[in-house]
Amino acid sequence: MADVPLGSLDAARPAVPPPETFVAGARHADPGIYDDAEADWVGWWERQAHDLAWQRVWQEPLQWDPPFARWFVGGRLNASVSCLDRHVEAGHGAQVAYHWVGEPGDRRDLTYAELAEEVGRLANVLRGLGVARGDRVAIYLPMLPQLVVAMLACARIGAPHSVVYVGFGAQALADRLVDAGAKVLITADGAHRRGEVLPLKRTADVAMGAAESVRSCLVVRRTNSDVRLMPGRDAWYDEVIGQASPICEPEPMDAEDPLFLLYTSGTTGTPKGIVHRTGGYLTHVAATHRMVFDHDPDRDVFWCAVNLGWITGHSYGVYGPLANRATSVLAEGALDHPSAERTWRIAEVDKVTTLYTTPAVIRALRAAGEDGPEAHDLSRLRLLGSVGEPIEPEVWRWYHEVVGGGRCPIVDTWWQTETGGIMLSPLPAITTVKPGSAMRPLPGLEVSVVDDDGARVERGQAGHLTVTRPWPGMLQTIWGDDERYRRTYWSRFGAEVYATGDRARVDADGDLWLLGRDDEVLKVSGYRLSSAELEAAIVDHRAVAEAAVAGRADPLAGQAIVAFVRLRPGYDRDASTVAAQLRQHVIARFGAIARPETIVIVDDLPKTRSGTIMRRLLEELAEGRTPREISALDDPDLVAHLIEATAEAAGGR
Ligand code: PRX
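Figured I'd write up the structure that's included with this text. (Residues numbered from 1 in each chain as written. Predicted model: local features only at pLDDT ≥ 70, side-chain atom pairs only at ≥ 80, totals over all residues. Heavy atoms only, no water.)

Considering the environment of Arg 363
Right, so step 1: Position of Arg 363 relative to the elements: it lies in helix 14 (residues 359–367).
Right, so step 2: For the pair Arg 363 and Ala 547, spaced 184 residues apart in the sequence, the C-alpha separation amounts to 9.9 Å. (Helix = DSSP H or I, 4+ residues; strand = E, 2+ residues; numbered from the N terminus.)

Listed below in structure tokens is the structure:
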């Protein structure tokens, strides 16, 4: 089945070279870095690893027994030492590690010395609770400094952490506690969320009731919610911390020891505990944080504006930046609550130089109006980043021109929970970027786009994105299930090829365009249409703030396209006229094959609390079914509206 050459968004837009002013001030501006890494890729990663604090250097950089790789074999280190102690010892204890901003507007600056002390205290508390090297600790906390402290305290004593995003409910938390066999849970009384309070401890109580392994629970005070502490199991975090010593000997970990588990959803309903290990992971995230964000600890303020409960938060909100002695911003709550102005104010006040977030957030900020960024002094911004989904060229342009004032390169970074760190991305002082393309693999990495038989596709063609050599940040396995690890990632194209599950197109220059997950490809009249490209086409229209497409079974075409569209303020008066215009717009741009059969104008797209669009829910709506599983939905009240809007649009089709 052919992939439709969907017009070409790429060819229509000029490529953007790195601005000269950026290059002049950049640390990583030598294009020779690619050849340098290619000449000896294992040796190149070794050079990156040397930047960490090792207690004992490795004997062998890589043992590759497909599909299991061991990086920096024989090496010994503790992640918390690379992230904290060595900076304090080098005289940087007074440097701010985090400018923390609470949702209600409260603030706290945390220096490296303060962070190291609190980590030591909590590490001692955890040891006192009987947590030993290798035991799992679950963390169910909002975006508070204590979340970072908890992760690093686990690292200090060699207990893999499993951070569970606070958007998950009791059943999801219980499943994760049980799968990991977590001994301790660290949570809070409640979490601020768009002006409301999520009852975290109450949810945790229900989950712990179903998870026998959890023996102790520490509760951070945040919302002064009414909670019940179970005697013998629960304790207030601040009370136990106050009594503990800040000095805690770091556990000497093997490079290959797990640093953390992070659950992610797969194609089946059972979540996968992705295991990342100490030496390779830390090497990958520190090196990529330096390169991709051209990071200079004495110049930059880095804002990874995503939830820490997600891999992006682990790698570029915590481990990468701390290993590189960064000053970061950590913000609780939604970036557009109470209004998008909050984002620009934080960027101004904290003198943010580098902003890294998701297209979903960028779209939400864009929909709030263009006055926002312009009303603030964002002159410190020098670099912008995007992660998590393809960024539509129109959204890219807004980010570039309105937020970045046309002077900030944008790095569109492709990677996954499983890859640990960034895999595809421009280098900001080197790469001439094409808006919407994640461009190429970073130095030291190798990928290939292949057809169904595993043969590399020609330029101009699309196929499955694979990774063809091991990389240091690669997942070690799926917790407790080596066989599932092998089957999920290393069987489709052989045991030495990592199947990402994504489709990508290689353009005439060899640059890569992500087309979405394999299963998000629609088939209309025998053609494959990428949901990502369709959505880009729709968002390209000036009336549109955000769009997502889903397929509806169609007896003639196989699938028909149903587009869910949220309009920008001011365009929502006459939805049916706008729908007709949009249809024409897409047809004019890409041809009739891409014509959305139904256009549903909605108040909002259904999203999880982390801002990911719930595609399964949209598919159910598109098919005319009532959505079944809505527990992950940020705003459950939206469902009734979506059902009604879909029925109305389908009726008037
Ligand atoms: O489909 C790709 C998409 O997000 C998936 C990975 O999701 P997750 O494990 O949650 O990690 C997201 C953050 C690293 C990928 O398989 N994805 C991620 N980044 C991009 C992307 N799609 C297009 N462009 C990107 N830059």
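Overview of helix 18 (residues 531–539)
Right, so step 1: With 9 of its 9 residues buried, helix 18 lies for the most part within the structure.
Right, so step 2: Along helix 18, the residues that are buried comprise Ser 531, Ala 532, Glu 533, Leu 534, Glu 535, Ala 536, Ala 537, Ile 538 and Val 539. (Buried < 20%, exposed > 50% of the residue type's maximum accessible area, 1.4 Å probe, protein only.)

Here's the deal with the pairing of strand 4 (residues 96–101)
Right, so step 1: Judged by how many residues are buried, strand 4 sits mostly within the fold: 6 of 6 residues are covered.
Right, so step 2: Direction of pairing for strand 4 relative to strand 5 (residues 107–111): antiparallel, over a ladder of 5 bridges. Each bridged residue has a counterpart across the sheet, and for Trp 100 the counterpart in strand 5 is Arg 108.
Right, so step 3: If you look at the hairpin formed by strand 4 and strand 5, you'll find 5 residues sitting between the two strands, and Gly 105 has a positive phi there, around 105 degrees.
Right, so step 4: Both strand 4 and strand 17 (residues 327–331) contribute to a ladder of 4 bridges, which runs parallel. Note on strand 17: the bridge partner recorded for His 99 is Val 329. (Pairing = 2+ DSSP bridges.)

A look at the side chain of Glu 535
Right, so step 1: Structurally, Glu 535 is set in helix 18.
Right, so step 2: Engagement of the side chain of Glu 535 in a polar contact is seen with the backbone nitrogen of Val 549, the distance being 2.9 Å.
Right, so step 3: Those residues within four positions of Glu 535 in sequence are excluded, and the remaining contacts are Glu 392, Ala 547, Ala 548, Val 549 and Arg 615. (Polar contact = N/O pair within 3.5 Å; in protein donor to acceptor, adjacent residues only side chain to side chain. Contact = heavy atoms within 4.5 Å.)

Brief notes about the nonpolar core
Right, so step 1: Core analysis: the biggest nonpolar cluster contains 134 residues, and Leu 115, Leu 122, Leu 126, Leu 177, Tyr 319 and Leu 322 have the highest contact counts within it.
Right, so step 2: Top contributing element to this core by residue count: helix 7 (residues 145–157), with 10 residues.
Right, so step 3: Non-local contacts of Leu 322, meaning those with residues more than four positions away in its chain, are made with Ser 82, Cys 83, His 87, Ala 97, Tyr 98, Tyr 112, Leu 115, Val 148 and Leu 152.
Right, so step 4: Of all hydrophobic cores here, the second largest spans 47 residues; its members include Leu 378, Leu 381, Ile 410 and Val 524. (Core = buried A, V, L, I, M, F, W, Y, C linked by side-chain atoms within 4.5 Å.)

Section: the sheet that holds strand 24 (residues 498–506)
Right, so step 1: Reading across from one edge, 21-22-24-25 is the order of the 4 strands in this open sheet, with antiparallel pairing throughout. Each edge of the open sheet is held by one strand with a lone partner, namely strand 21 (447–450) and strand 25 (512–517). Looking at each pair of strands side by side, their axes are set apart by 45 degrees on average, direction ignored.
Right, so step 2: As judged from the 5 bridges shared by strand 24 and strand 25, these two strands associate in the antiparallel manner. Looking across to strand 25, one finds that Asp 502 is bridged to Arg 517. (Axes fitted to C-alpha atoms, helices over the stretch in contact; angles between N-to-C directions.)

Observations regarding the packing of helix 8 (residues 170–180) against helix 9 (residues 200–209)
Two quantities define a packed helix pair, namely the angle between the axes and the distance from one axis to the other.
Right, so step 1: Where helix 8 meets helix 9, the axes come as close as 8 Å, and the angle between the chain directions of the two elements is 45 degrees. With respect to helix 9, the axis of helix 8 lies oblique. Relative to helix 9, the crossing made by helix 8 is right-handed. Within the contact between the two elements, helix 8 uses Ala 170, Leu 173, Ala 174 and Leu 177 and helix 9 uses Thr 203, Ala 204, Val 206, Ala 207 and Met 208.
Right, so step 2: Classifying every residue of the contact of helix 8 with helix 9 by side-chain character gives 8 nonpolar, 1 polar and no charged. (Parallel < 35°, antiparallel > 145°, perpendicular 65-115°, else oblique. Left-handed = near helix turned anticlockwise from the far one by under 90°. Nonpolar A, V, L, I, M, F, W, Y, C, P; charged D, E, K, R; others polar.)

Overview of the packing of aromatic side chains
Note on aromatic pairs: each is described by the distance of the centres and the angle between the planes.
Right, so step 1: Inspection of the entire model under this criterion finds 21 aromatic pairs.
Right, so step 2: Here Phe 260 and Tyr 281 contribute two aromatic rings whose centre-to-centre distance is 4.9 Å and whose plane-to-plane angle is 85 degrees, an arrangement assigned as edge-to-face. Here the residue Phe 260 occupies a position in strand 14 (residues 258–264), and Tyr 281 occupies one in helix 11 (residues 278–292), the gap between them amounting to 21 residues.
Right, so step 3: The buried category is assigned to Phe 260, whose relative accessible area is 0%.
Right, so step 4: Pairwise contacts between aromatic rings join Trp 64, Phe 68, Trp 471, Tyr 485, Tyr 489, Trp 490 and Tyr 498 into one cluster.
Right, so step 5: One residue, Arg 221, lies across the ring of Trp 236, its end atom 4.1 Å from the ring centre. (Phe/Tyr/Trp six-rings, centres within 6.5 Å; stacked < 30°, edge-to-face > 60°. Lys NZ or Arg CZ within 6 Å of the ring centre and 35° of its normal.)

Digging into the site of the ligand
Right, so step 1: The ligand sits among 16 residues. The nearest are Asp 412, Thr 413, Gln 416, Thr 417 and Asp 502.
Right, so step 2: Interatomic distance of 2.6 Å between a side-chain N/O atom of Thr 417 and an oxygen atom of the ligand.
Right, so step 3: With the chains in place, 88% of the 540 Å² that the ligand exposes on its own is no longer accessible.
Right, so step 4: The set of elements that each furnish at least two residues to the shell around the ligand consists of helix 12 (311–323), strand 20 (410–413) and strand 25.
Right, so step 5: Tallied by class, the residues present in the shell around the ligand amount to 7 nonpolar, 5 polar and 4 charged. (Near = heavy atom within 4 Å. Areas by Shrake-Rupley, 256 points an atom, 1.4 Å probe, with all protein chains shown as cover.)

So, the side chain of Glu 418
Right, so step 1: One can find Glu 418 in the loop between strand 20 and strand 21.
Right, so step 2: The contacts of Glu 418, once residues within four sequence positions are left out, are Thr 264, Lys 272, Ile 274, His 276, Trp 471, Gly 473, Met 474, Leu 475, Tyr 489 and Tyr 498.

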